[in-house]
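# Coordinates in review
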Amino acid sequence: MGFRLYKEPRLDNPVLIACWPGIGNIGIIAVDILRRMVGAEDLGEIESWDFFYPRRVLIRDGELKDLEFPSNKFYFKRTEKMDLLLFIGEEQPTDGTKAYAEGTKAYRMANLVLDVALKFGCRKVYTSGAAVAPIHHTARSRVWVVPNREDLIDEVKSYENTVLMSDIEGRDGQGNITGLNGLLLGVAKKRGLEAICVMGEIPIYIHGFPIPYPKGSKAVLEVLSTVLGIEVQMDEINALVQQSDREIESVYERLPSEIREQLDKLKYVAYARPNEPGPITEEDKKRILQEIDRLFKKEPGRD
Amino acid sequence: MIAWNQDAGRVGPKVADYLNKELASRELAEIDPEGFFSLSGVSVEDDIAQFPESKFYWCRGKSLVIFKSDIPRYEWYEFLSLVLDIAEKYCKVKEIYTVGGMVSPGAHTTPRLLLSVANSTEMKRMLRKYDLISDMDYETQDGQRPTFSSFLLWAAKRRNIAGASLWVPVPFYLLAVEDPGACKKVTEFFDRRFELNINFADMHDEITRQDRKIAQIRSQLPELDGYINKLENDLGLTVDESEKLVKEMEEWLRGGY
């Protein structure tokens with residue numbers, strides 16, 4: 001069990017940006033666009049067969065030619081400001097019953113990613129994911145930031161359009177980051193590495209559906225671009241945001257007017273106060289989610 | 001030879017049992033289920049409590065080791081590595097064959113074919129002298145995943161162990177019962193490949209019994225006869241017709257009407 005490196009470039013204290021799929025694929029879309037924009041080169045991979053069941057077999061003329069597993073690849077790029085290591089996992093290793101990794105396999109994978117990072121002298125890690133928030137889909141997503149050390153608080157506060165857990169009413173600085181995008185922060189802490197998770201917001205009424213939310217990805221990309229001192233062309237992500245906006249809007253328009261009116265309240269209130277009656281009650285929320293679920297299921301051609 | 005208990009028409013385990021009986025095989029080793037299977041209780045099948053089993057059998061005087069196992073639920077690659085470790089280090093295995101049934105839309109009166117997928121060109125070449133269909137093209141479709149046998153074949157290839165998956169089509173209406181004709185086809189291959197001198201008498205008896213029973217069903221139930229006639233003439237059945245054929249055939253063959 002381990003990793004395989006295709007090459008061993010000399011890197012100067014690279015920063016690692018690691019990501020696995022999650023809600024709205026917010027992190028993975030952002031990191032993949034970043035990878036392509038900076039022109040990162042292939043560096044290596046984690047041997048996926050230890051973690052995953054194969055997803056595709058190719059048999060040609062009676063001979064097994066290939067067995068394909070979800071990929072877990074490393075990339076690297078030397079930039080003027082800093083050297084970058086990127087890791088993109090196509091799937092989170094699970095026991096088949098949960099959507100997000102946990103337990104031994106997740107811990108093993110997190111350690112393998114950090115083994116490679118440390119091998120190249122990395123001291124700082126960024127992961128990315130989604131923050132489910134009571135926002136409207138027309139609003140600009142903010143980015144929730146969670147560092148793994150107290151002395152990183154000032155740094156993360158300086159990023160534009162970000163919030164700490166303690167900035168969010170009712171949270172009191174508490175929360176969870178599910179799966180490997182969160183676990184890596186903990187394992188990094190254990191191994192003495194600084195780590196920060198940046199999570200783009202996704203509206204609460206959209207997060208349960210298997211659709212990407214590029215608006216959240218764009219917010220993450222903007223933060224990463226600033227942090228890394230890299231200018232990233234936003235054309236591609238802007239096009240994705242526009243397309244996604246159109247799709248969400250077409251579903252939204254077909255919602256019963258009473259549901260839409262409830263959701264429209266989110267345009268004006270950033271976060272509901274849990275100790276007071278919010279703009280949307282729990283009962284409203286349940287009804288809204290059921291209604292949207294019904295609409296998505298009716299949508300032709302949607303998985 | 002490797003057989004998985006979770007197999008279409010139970011071809012693999014039936015062939016393993018038959019070879020074990022005919023060759024008076026003895027248990028050689030087993031893989032402990034811990035870590036590979038859900039041990040949260042037991043399943044019950046045909047009134048009997050089941051428990052995952054992964055056993056190697058050794059056939060005295062023959063160049064054959066049989067591994068019969070349930071397909072693990074966790075740690076697939078680790079499980080396959082263990083299988084290959086035992087096969088390689090303790091049994092000095094040179095070739096690995098997996099056996100499995102595949103669903104066929106054809107009739108039971110159609111002669112059984114044996115399809116092979118090799119994990120190397122050399123293995124494919126070696127298998128040419130046997131009566132196998134060895135030109136299959138296949139790619140996993142959306143919503144499906146590769147068989148565990150393919151995973152094993154790939155893992156064997158990584159160790160430079162020659163391997164092949166043998167697949168025998170089983171008529172869809174015999175999947176829930178058994179298809180001795182399919183089992184015989186596979187057993188014949190092993191008999192020839194490893195000069196086992198298998199006595200096929202019991203298998204012939206079983207085929208004759210099943211053929212007679214199906215003939216009886218056809219004479220008593222003209223509707224089912226019509227369905228099988230259609231299949232024999234390469235005509236498809238509707239979903240309702242297929243379901244009825246499966247249900248009735250299972251009831252009659254299991255119930256022994």
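Refer to the structure above for everything that follows.
I will try to describe carefully the structure that is included in this document. Every value quoted in this text rests on a predicted model; they were computed, and no experiment measured them.

Attention now moves to the overall build of chain B. A count of helices and strands for chain B gives 8 helices and 10 strands. In terms of overall size, chain B behaves like a compact globule, its C-alpha atoms giving a radius of gyration of 19 Å where 257 residues would be expected to give roughly 18 Å. Taking all 257 residues of chain B together, 51% fall into the buried category. For chain B, long-range pairs separated by at least 24 residues make up 73% of all intrachain contacts whose partners lie at least 6 apart in sequence. Here chain B has roughly 13100 Å² of accessible surface; of this, 48% comes from carbon and sulfur atoms. The average position of the 33 basic charges and that of the 42 acidic charges among the side chains of chain B differ by 7 Å.

Attention shifts here to the state of the cysteines. Under the counting rule described, the total for this entry stands at 0 disulfides over all chains. Here Cys122(A) stays unpaired: no disulfide links it, and the sulfur of Cys197(A), its closest cysteine neighbor, is 15 Å away.

Describing an aromatic ring pair means giving the distance of the ring centres and the angle of the ring planes. Within this structure, the stated rule accounts for 30 aromatic pairs over all chains. The lysine or arginine in question, Arg35(A), covers the ring of Tyr75(A), its NZ or CZ lying 4.8 Å from the ring centre. For the cation-ring pair, Arg145(B) lies above Tyr53(A), with the distance from its terminal atom to the ring centre recorded as 3.8 Å.

The next thing to look at is the interface of chain A and chain B. Taken together, the 23 residues of chain A in the interface contact 29 residues of chain B. Considering only the surface of chain A that becomes buried against chain B, Trp49(A), Tyr53(A) and Leu64(A) emerge as the three largest contributors, covering 30% of it. Linking chain A with chain B are 4 salt bridges, by the criterion used here. We note a salt bridge from Arg56(A) to Glu139(B), for which the minimum N-O separation is 2.8 Å.

Before going further, it helps to spend a moment on the packing of helix α2 (residues 103-119) of chain A against helix α4 (residues 180-190) of chain A. All names here are of chain A. The interhelical angle for the contact between α2 and α4, taken along N-to-C directions, is 60°, at an axis separation of 9 Å. Classed by the angle they form, the pair α2 and α4 counts as oblique. α4 is crossed by α2, and the crossing has right-handed handedness. Every residue of α4 that contacts α2 at Ala106, Tyr107, Met109, Ala110, Asn111, Val113 and Leu114 is listed here: Leu180, Leu183, Leu184, Val187, Ala188 and Lys190.

Right, let's get into the layout of surface pockets. One number sums up the size of the second largest pocket: a volume of about 630 Å³. Looking at the second largest pocket, it is lined by 27 residues, and the ones nearest its centre are Gly101(B), Pro146(B), Thr147(B), Phe148(B) and Trp167(B). Every element with two or more residues in the lining of the second largest pocket is listed here: β4 (56-60) of chain A together with β7 (95-104), α4 (148-158) and β10 (162-171) of chain B. Residue contributions to the lining of the second largest pocket peak at 5 residues, all from β7(B). Among the residues forming the lining of the second largest pocket, the class breakdown is 17 nonpolar, 8 polar and 2 charged.

The subject of this paragraph is the nonpolar core. All names here are of chain A. With 51 residues, the main nonpolar core has Ile17, Leu34, Leu224 and Leu228 as its most contacted residues. Take this core: its biggest share by element is 8 residues, from helix α1 (residues 26-38). If we skip the residues at most four places from it in the chain, Ile17 touches Val31, Leu34, Leu84, Leu85, Leu86, Phe87, Tyr126, Leu224 and Leu228.

This part covers the packing of helix α7 (residues 222-232) of chain B against helix α8 (residues 239-255) of chain B. All names here are of chain B. For the pair α7 and α8, the least separation of the axes is 10 Å and the interaxial angle reads 120°. For α7 against α8, the interelement crossing comes out left-handed. On α8, the residues touching Glu223, Leu224, Tyr227, Ile228, Lys230 and Leu231 of α7 are Glu241, Lys244, Leu245, Glu248 and Met249. When its residues are assigned to classes, the contact of α7 with α8 shows 6 nonpolar, no polar and 5 charged.

Moving on to unusual backbone geometry. Look at Asn25(A): it is not a glycine, yet its phi comes out positive at around 50°. Its location among the elements puts Asn25(A) in the loop between β2 (15-19) and α1. For Asn25(A), a relative accessible area of 31% corresponds to the partly exposed category. The phi dihedral of Asn197(B) falls on the positive side, at around 55°, and the residue is not glycine. Of note, Asn197(B) is situated in the loop between α5 (180-193) and α6 (201-220). The exposure class of Asn197(B) is exposed, given its relative accessible area of 69%.

Here the focus is the pairing of strand β9 (residues 143-147) of chain A. Side chains on a regular strand alternate between the two faces of the sheet. All names here are of chain A. Burial runs high along β9: 5 of the 5 residues are buried. Burial along β9 is two-sided: the face carrying Val143, Val145 and Pro147 and the face carrying Trp144 and Val146 are both buried. Relative to strand β10 (residues 162-163), β9 runs parallel, the two sharing 2 bridges. Its bridge partner being in β10, Val143 is matched across the sheet by Thr162. As defined by bridge partners, β9 adjoins strand β11 (residues 194-203) across 5 bridges and the pair is classed as antiparallel. Its bridge partner lying in β11, Trp144 is registered against Met199.

What counts and how
Residues numbered from 1 in each chain as written. Chains lettered and ligands numbered in written order. Predicted model: local features only at pLDDT ≥ 70, side-chain atom pairs only at ≥ 80, totals over all residues. Heavy atoms only, no water. Helix = DSSP H or I, 4+ residues; strand = E, 2+ residues; numbered from the N terminus. Rg over C-alpha atoms; globule rule 2.2 N^0.38 Å. Buried < 20%, exposed > 50% of the residue type's maximum accessible area, 1.4 Å probe, protein only. Contact = heavy atoms within 4.5 Å. Areas by Shrake-Rupley, 256 points an atom, 1.4 Å probe, with all protein chains shown as cover. Lys, Arg positive; Asp, Glu negative; His and termini not counted. Charge placed at Lys NZ, Arg CZ, Asp CG, Glu CD. Disulfide = S-S within 2.5 Å. Phe/Tyr/Trp six-rings, centres within 6.5 Å; stacked < 30°, edge-to-face > 60°. Lys NZ or Arg CZ within 6 Å of the ring centre and 35° of its normal. Buried area = accessible area lost by both parts, 1.4 Å probe. Salt bridge = Lys/Arg side-chain N within 4 Å of Asp/Glu carboxyl O. Axes fitted to C-alpha atoms, helices over the stretch in contact; angles between N-to-C directions. Parallel < 35°, antiparallel > 145°, perpendicular 65-115°, else oblique. Left-handed = near helix turned anticlockwise from the far one by under 90°. 1 Å grid on protein atoms, 1.4 Å probe; cavity = no way out; pocket = protein on both sides within 12 Å on 5 of 7 lines; lining within 4 Å. Points joined across faces, edges and corners; volume = space filled by probe spheres on them. Nonpolar A, V, L, I, M, F, W, Y, C, P; charged D, E, K, R; others polar. Core = buried A, V, L, I, M, F, W, Y, C linked by side-chain atoms within 4.5 Å. Pairing = 2+ DSSP bridges.

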